[in-house]
Amino acid sequence: MEIDDLPYEKLKRLLKEDHAEISLNLRIAALFLVVYENLKELITDRVRDFFTNEWRSIDGELVGIPGKEHASLLNGKGVFRACRDFHLEMGAISPDDNQLIDRFIKYRGEVAHELYAILLDDKKAALDLQLLFQAHLLAKKIDRWWILNFEVPLNEDLVDQSIDEEKVASGRQLFLDQLMRVALKDIFELVEEEADGS
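Bear in mind that the values here come from a model prediction, so they are computed numbers and not experimental data. (Residues numbered from 1 in each chain as written. Predicted model: local features only at pLDDT ≥ 70, side-chain atom pairs only at ≥ 80, totals over all residues. Heavy atoms only, no water.)

Overview of a nonpolar patch on the surface
On the surface, Val34, Phe175 and Leu179 cluster together into a nonpolar patch covering about 250 Å² of accessible area. You can see Phe175 is positioned in helix 8 (residues 171–183). The exposed category is assigned to Phe175, whose relative accessible area is 56%. (Patch = residues over 30% accessible without salt bridge, like charges linked within 9 Å, V, L, I, M, F, W, Y side chains within 5 Å. Areas by Shrake-Rupley, 256 points an atom, 1.4 Å probe, with all protein chains shown as cover. Salt bridge = Lys/Arg side-chain N within 4 Å of Asp/Glu carboxyl O. Helix = DSSP H or I, 4+ residues; strand = E, 2+ residues; numbered from the N terminus. Buried < 20%, exposed > 50% of the residue type's maximum accessible area, 1.4 Å probe, protein only.)

Some thoughts on helix 7 (residues 129–154)
Between the first and last C-alpha of helix 7 there are 37 Å, a value that for 26 residues agrees with the 38 Å anticipated at 1.5 Å per step. Of all the bends in helix 7, the greatest, near 35°, is centred on Ile147. Capping the start of helix 7 is the job of one residue whose side-chain oxygen sits 3.3 Å from the backbone nitrogen of Gln130: Asp128. (Expected span 1.5 Å × (residues − 1). Bend = angle between axes of the 7 residues up to and from the residue. Polar contact = N/O pair within 3.5 Å; in protein donor to acceptor, adjacent residues only side chain to side chain.)

A closer look at the side chain of His70
For His70, the location among the structural elements is in helix 3 (residues 68–74). According to the relative accessible area criterion, His70 is buried, its value standing at 9%. Excluding anything up to four places from it in sequence, His70 contacts Val47, Arg48 and Phe51. (Contact = heavy atoms within 4.5 Å.)

Describing the side chain of Asn98
Within the fold, Asn98 resides in helix 5 (residues 95–113). Note on Asn98: relative accessible area 11%, which makes it buried. Engagement of the side chain of Asn98 in a polar contact is seen with the side chain of Arg84, the distance being 2.8 Å. What Asn98 contacts, discounting residues up to four positions off in sequence, is Arg81, Arg84, Leu88 and Ile93.

Details of the packing of helix 2 (residues 20–50) against helix 7
The interhelical angle for the contact between helix 2 and helix 7, taken along N-to-C directions, is 25°, at an axis separation of 10 Å. Taken together, the axes of helix 2 and helix 7 are roughly parallel relative to one another. For the pair helix 2 and helix 7, the sense of crossing is left-handed. When helix 2 is examined against helix 7, the residues Ile28, Leu31, Phe32, Val35, Asn38, Leu39, Leu42, Ile43, Arg46, Val47 and Phe50 are found in contact with a partner set consisting of Leu129, Leu132, Ala135, His136, Ala139, Ile142, Asp143, Trp146, Ile147, Phe150 and Glu151. (Axes fitted to C-alpha atoms, helices over the stretch in contact; angles between N-to-C directions. Parallel < 35°, antiparallel > 145°, perpendicular 65-115°, else oblique. Left-handed = near helix turned anticlockwise from the far one by under 90°.)

A short note on the pattern of salt bridges
A side chain of one charge can pair with a side chain of the opposite charge when the charged atoms of the two come close. Taken as a whole and judged by the stated rule, the model has 15 salt bridges. Here Lys141 ties to Asp97 by a salt bridge, and the two come within 2.4 Å at their closest N and O atoms. Pair noted here: Lys141 is in helix 7 and Asp97 is in helix 5, with a separation of 44 residues, a long-range link. For Asp97, a relative accessible area of 12% puts it in the buried group. Through salt bridges with shared partners, one network takes in Lys77, Arg81, Arg84, Asp85 and Asp102.

Regarding the layout of surface pockets
Roughly 160 Å³ of volume is contained in the largest pocket. Together, Glu41, Leu42, Asp45, Arg46, Asp49, Asp143, Ser170, Arg172 and Gln173 line the largest pocket. Breaking the lining of the largest pocket down by element, the ones donating at least two residues are helix 2 and helix 8. Ranked by residue count, the leading element in the lining of the largest pocket is helix 2, at five residues. Looking at the lining of the largest pocket residue by residue, the class counts come to one nonpolar, two polar and six charged. (1 Å grid on protein atoms, 1.4 Å probe; cavity = no way out; pocket = protein on both sides within 12 Å on 5 of 7 lines; lining within 4 Å. Points joined across faces, edges and corners; volume = space filled by probe spheres on them. Nonpolar A, V, L, I, M, F, W, Y, C, P; charged D, E, K, R; others polar.)

Regarding the environment of Glu156
Within the secondary structure, Glu156 sits in the loop between helix 7 and helix 8. Take Glu156: its relative accessible area is 71%, and that puts it in the exposed class.

Interpretation in functional terms is not warranted from these geometric data alone.
Have a look at this one:
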């Protein structure tokens, strides 16, 4: 059987050494994992830090110890769910953002567990780049909310300054922007425009 006789287009391209598509899909899949971990850590760590009122040096590392308020916030919920609820109550995210997080988490699980099929099975749809960018933009929104609502008001050097809120971002979010630009250099601007328009 010749390569062209195979009934699977994705497999044919791989065997013919047309690696552009599979390379791109591997980079996109990796970004789903990175963006997920960033979003999850941002949501949980910001809330934990907000309720931290004691710091200890443990094995040479400064570690924050959340107070009782953090424990009562959890109130039998998982940490991630409780911290999402806190963001919702505080107005850092909207109900639509909360639904986006649910969709992103579910889809990221599919990407992580079905990557082989996504890469080689013609019946599997292409990876959802728009969802990836929407989740990344949501992380930037949450990051910006914390900076503008807590860090800026507590920094007396910034209190009376005019701030372009759309440009506010932490170093971590700027790094992730650059990581996405590099990983998706061949399609970044097109996908970013589509995600912004949704």
